[in-house]
Every structure is written in structure tokens, then in C-alpha cells.
Amino acid sequence: MTHTTHTPIARAGKESTSARTVSRPATSGSRPGHGPLSRVTPWLFLLVPLVLLITFTYVPVANMIYYSFTDWDGVSPEIQVTGTANYTELFTRPELFRVFFVSLYYLAASAVQIVIALYFATVLSFNLRLRNFFKGILFFPYLINGVAIGFVFLYFFQDGGTLDSVLSWFGAGTDHAWLGDPTSANVSLAGVSVWRYTGLNFVLFLGAIQSIPGELYEAAELDGATRWHQFRYLIVPSIRPVISLSVILAVSGSLSVFEIPYIMTGGATGTTTFVIQTVKLAFQFNKTGLASAAAVVLLLIILLITWIQRRLVPDEKVDLV
């Protein structure tokens, strides 16, 4: 009688052969992730955001562009197309563009707030006592409603108000009207914007700095780098994209300032910004067509400045490890 001996290798070969025989590849129509429903699913998730974006962003912008070529007063049902008459009036009246000089105060204030935010974000990124407490103090002003801030600082700068009371403790004169002349009024309002928006830049810089791996700081300390060297050669190059974003927000925000000066002065004493002037053209003088043209010009200026800034300082891929 002959006995057949099955070695482990032979048995493994038979098992693999049977496994290949039993397991059959799925057809292309049954592969997960390749059906018609799977291709439509991402668009179903994007449907609601796209509808909201188009309804509340692109449709109003399209209407604004259309109104800029009309003489609509914002009330009358009749709209007459006037072509480029609004743009011609806008560029031939110097007083309509003179208000852009007010934006220079806020642009300087934006530079100050970026420097302050970057300084505190760098300092508080290291181990310090009560650093979470100071983080909350710096970010808290950004959480306050702009209307409330306007009324608070309106009493702060008024004659005999909080600022005059504090200065009187040091023997300084209190007969200065802080919101009475264009220079001091614009400087005061720009100072309010620094107080309010420093927290936003601070959070952006702090998050970017804390994303830098700790091993790089340890290596820098082993090489004898001081805090200044770490800031100059490690922190600033690593957070350059965030700094670029803050600059873009600062420039666009300086050109579109509205809330604080409108509440505190209403645009009086030379504090009228381009947006305040546009609002007055639309709702005070019933020139919605001209106001729409001004809004379109402001949008184009912001887009142009942003494009120039991105061309001069392009995004760079930063490899931290």
C-alpha cells in the first residue's frame, strides 16, 4: 500500500490555490466608491453651502455692479441705465476720493497692531507665569461688539471724560477736545481700532508659533541662539504666510473702515471714510447708483492691492522638519 505524505509546503500551496480559486475579484460595477451615488455625494454636501454663498455673496455683488450703471435712487421702481456716468462722476469729483487719505491713519494703526500682536504672541509662546491670563486679556477686546466699543470710547474721549481724568492725575492739561479736530480725532479713532483688532492678529500669530516643533527650539538653544535669534531666524520665517495674511487683512480693513468712526463721530470733523461716504450717498442723498459705483471701485482697489501684495510676497512652503 502506498502512502502519500503531504509536506507543510505542499499543503500551503494547495490552500493558496484553493483560496485563489474561491476568491474572485469584484466586478467594476460593484467596487465601493465608484458608483453613481458616490460621485454625486460630495456635491450633495456642497449644495447648501454653495446655495448660501451664491445667494448672499455673488448675487448681491452682481446686483451692485448692475446698479452702478444706473441712476436708481434706491426707492423708485423705475431704473434707468446711464452707462458709465456714475464712474465718470466718481473720478471727476476729487472730494469723493479725498476721503482715502483718512485710511492712512488706520493703515499706520494696522502696522502698529501687527507689531504689538507679534511681540506678545512671541513672548507668550514661551513658558511664563499667568500667560493664559494675559492671552485672555489680549483677545477679549475682539469679542466685544463694535457698537458697544464705539459708545464706550465715545465717553472715554469726551471733554472731561476718562482720558482727561487720567491725564489730570499726572498734571496734564484737560482742555483738549480729542474728537474736535481732524488730526486728533483720526488718531484717536485709529487708536481704538488698534485696541480692538490686536487680539485677532495675536491669536493668528500665536497659533502659528505654537505649531513650530519644539525640537527646533531645543536645537537652537544647543547652538547658543538667544531669544532674538530664535525670533529672527526661526519664528519669523516659519510664520511668514500668516504675517502675509495679516498684512492683506490690514490693508483691506484700512480701506473699508466703517463701524468705529460712524458710531463715534458719524464722519464729522474730517473722519469720514470711503465706506461712510458711500453709505451717505446711498441712504442720505438717495444716490444708490453712484454709491454702488463707489463700492465697485473700492472692491477693485482692494483686489488690486491684494494681488500686488501676493505677487511681491508669494506664499512659500515652509518645511519645519
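Shown above is the structure to which this text applies.
Throughout what follows, the structure given in this document is the object of discussion. Model, not experiment: these values are computed from the prediction.

Attention now moves to unusual backbone geometry. Positioned with a positive phi, Leu130 is a non-glycine residue whose angle comes to about 60°. Along the polypeptide, Leu130 turns up in the loop between α5 (103-124) and α6 (131-143). Since its relative accessible area comes to 58%, Leu130 is described here as exposed.

It is at 7 Å that the axes of helix α14 (residues 274-283) and helix α15 (residues 288-312) come closest, and there the two elements cross at 160°. Classified by the angle between their axes, α14 and α15 sit roughly antiparallel to one another. As α14 packs across α15, the resulting crossing turns out to be left-handed. On α15, the residues that touch Phe274, Val275, Thr278, Leu281 and Ala282 of α14 are Thr288, Leu290, Ala291, Ala294, Ala295 and Leu298. Classifying every residue of the contact of α14 with α15 by side-chain character gives 9 nonpolar, 2 polar and no charged.

Closest axis-to-axis distance for the helix α10 (residues 214-222)/helix α11 (residues 227-238) pair is 11 Å, and the angle between their directions is 130°. Relative to α11, the element α10 is oriented oblique. The handedness of the crossing between α10 and α11 comes out as right-handed. Residues Leu216, Tyr217, Ala220 and Glu221 of α10 touch α11, and the partners they reach there are Arg227, Gln230, Leu234 and Ile235. The residue makeup of the contact of α10 with α11, split by class, is 5 nonpolar, 1 polar and 2 charged.

A few words on the pattern of salt bridges. Under the definition given, this model contains 4 salt bridges. Linking Arg93 and Glu95 is a salt bridge whose minimum nitrogen-to-oxygen distance equals 2.9 Å. Look at Glu95 and you get partly exposed, because its relative accessible area is 34%. Among the charged side chains, a salt-bridge network with shared partners connects Glu89, Arg93 and Glu95.

Among the nonpolar cores identified, the biggest contains 19 residues, and Ala121, Phe202, Phe205, Ile209, Tyr217, Ile235 and Ile239 are the most heavily contacted of them. Mapped onto this core, the elements with two or more residues apiece are α5, α9 (182-210) and α11. What Ile209 contacts, discounting residues up to four positions off in sequence, is Ala121, Thr122, Ser125, Tyr217, Ile235 and Ile239. Counting residues in each nonpolar core, the second largest holds 18 residues, with Leu96, Leu255, Val275 and Leu298 among its members.

The next point concerns the packing of aromatic side chains. Per the stated rule, a full pass over the model turns up 18 aromatic pairs. Taking 5.2 Å as the distance between ring centres and 65° as the angle between the ring planes, the aromatic pair formed by Phe153 and Trp195 counts as edge-to-face. Taken together, the residues span a long stretch of sequence, with Phe153 in helix α7 (residues 146-157) and Trp195 in helix α9 at a distance of 42 residues. Taking the relative accessible area as the measure of exposure, Phe153 reaches 13% and is therefore buried.

Another point: the side chain of Ser193. Here Ser193 shows up in helix α9. Look at Ser193 and you get buried, because its relative accessible area is 10%. The contacts of Ser193, once residues within four sequence positions are left out, are Tyr106, Ala109 and Gln113.

Scoring rules and cut-offs
Residues numbered from 1 in each chain as written. Predicted model: local features only at pLDDT ≥ 70, side-chain atom pairs only at ≥ 80, totals over all residues. Heavy atoms only, no water. Helix = DSSP H or I, 4+ residues; strand = E, 2+ residues; numbered from the N terminus. Buried < 20%, exposed > 50% of the residue type's maximum accessible area, 1.4 Å probe, protein only. Axes fitted to C-alpha atoms, helices over the stretch in contact; angles between N-to-C directions. Parallel < 35°, antiparallel > 145°, perpendicular 65-115°, else oblique. Left-handed = near helix turned anticlockwise from the far one by under 90°. Contact = heavy atoms within 4.5 Å. Nonpolar A, V, L, I, M, F, W, Y, C, P; charged D, E, K, R; others polar. Salt bridge = Lys/Arg side-chain N within 4 Å of Asp/Glu carboxyl O. Core = buried A, V, L, I, M, F, W, Y, C linked by side-chain atoms within 4.5 Å. Phe/Tyr/Trp six-rings, centres within 6.5 Å; stacked < 30°, edge-to-face > 60°.

Keep in mind that these numbers describe shape and distance, not what the molecule does.
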